[in-house]
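Here is what each chain is made of, one letter per residue.
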Amino acid sequence: MMRKDLTPYVQAAAVGQNIRMSPDKARIIIDQIRYRPYEEALMILELMPYRAAYPIYKLVYSAAANASHNKGLNKAKLFVCTAVVNESTTVKKFKPRARGRSYQIKRRTCNITIVLRDIFLYRDYLIKYHPSSYPPLPEKYIPNNNKDTKKSKWEKWTQWLKWGKWNKS
């Protein structure tokens, strides 16, 4: 599929508003998937035994669908770059108690934002526009021409940068 939008780095987002769960419980799940590849995040969310995992699973899936449909990105190369949980409105109810009293029950809701980026486009963007934020190459990885090795550390390091663990071929 051809890319429709050729910006320096491409991202796609999905926002869930007023999701009926506590923000603290949602943050526990979100912390597990932040900065992970898309497919790995889906697998983690599928196997988590928490009720809060399913709405987050649907949001990650929706963000990937947005990336593939709107931006023309490959789902296998996406990673979760931003995952934020914010508090939303609180529904307040009153439960009748003994002697005509009532206790307040707070039903909390939260807003969840998931942003997916293409790992290769984001890496190229960092190298080109923000070279100081991209880690410099350590001296020990610079190749030595006198050594006859099968594959030097330099080649392994550049191959990892080029393909990473997101390449399935």
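Note that the coordinates shown come from a computational prediction; the quantities given were computed from them, not determined experimentally.

Calculation rules
- Residues numbered from 1 in each chain as written.
- Predicted model: local features only at pLDDT ≥ 70, side-chain atom pairs only at ≥ 80, totals over all residues.
- Heavy atoms only, no water.
- Helix = DSSP H or I, 4+ residues; strand = E, 2+ residues; numbered from the N terminus.
- Buried < 20%, exposed > 50% of the residue type's maximum accessible area, 1.4 Å probe, protein only.
- Contact = heavy atoms within 4.5 Å.
- Phe/Tyr/Trp six-rings, centres within 6.5 Å; stacked < 30°, edge-to-face > 60°.
- Lys NZ or Arg CZ within 6 Å of the ring centre and 35° of its normal.
- Pairing = 2+ DSSP bridges.

## A short note on the overall build of the protein chain
Phase 1: Within the protein chain, the secondary structure is distributed over 5 helices and 3 strands.
Phase 2: Reading the helices (α) and strands (β) of the protein chain from amino to carboxyl end gives β-α-α-α-β-β-α-α.
Phase 3: Within the span of the protein chain, comprising 169 residues, buried residues form 33% of the whole.
Phase 4: For the protein chain, long-range pairs separated by at least 24 residues make up 71% of all intrachain contacts whose partners lie at least 6 apart in sequence.

## Notes on the packing of aromatic side chains
Phase 1: What the rule picks out here adds up to 0 aromatic pairs.
Phase 2: The residue whose ring lies beneath K75 is Y61, and the NZ or CZ to ring-centre distance is 5.3 Å.

## Overview of the pairing of strand β3 (residues 102-118)
Phase 1: Bridging between strand β1 (residues 11-19) and β3 involves 7 bridges; their strand directions are antiparallel. Across the sheet, A14 pairs through a bridge with I114, a residue of β3.
Phase 2: For strand β2 (residues 78-96) and β3, the ladder comprises 16 bridges, and the chain directions are antiparallel. In the strand pairing of β3, N86 is matched with N111.
Phase 3: As consecutive antiparallel partners, β2 and β3 are separated by 5 residues, and within that stretch R99 has a phi angle of approximately 60°, a positive value.

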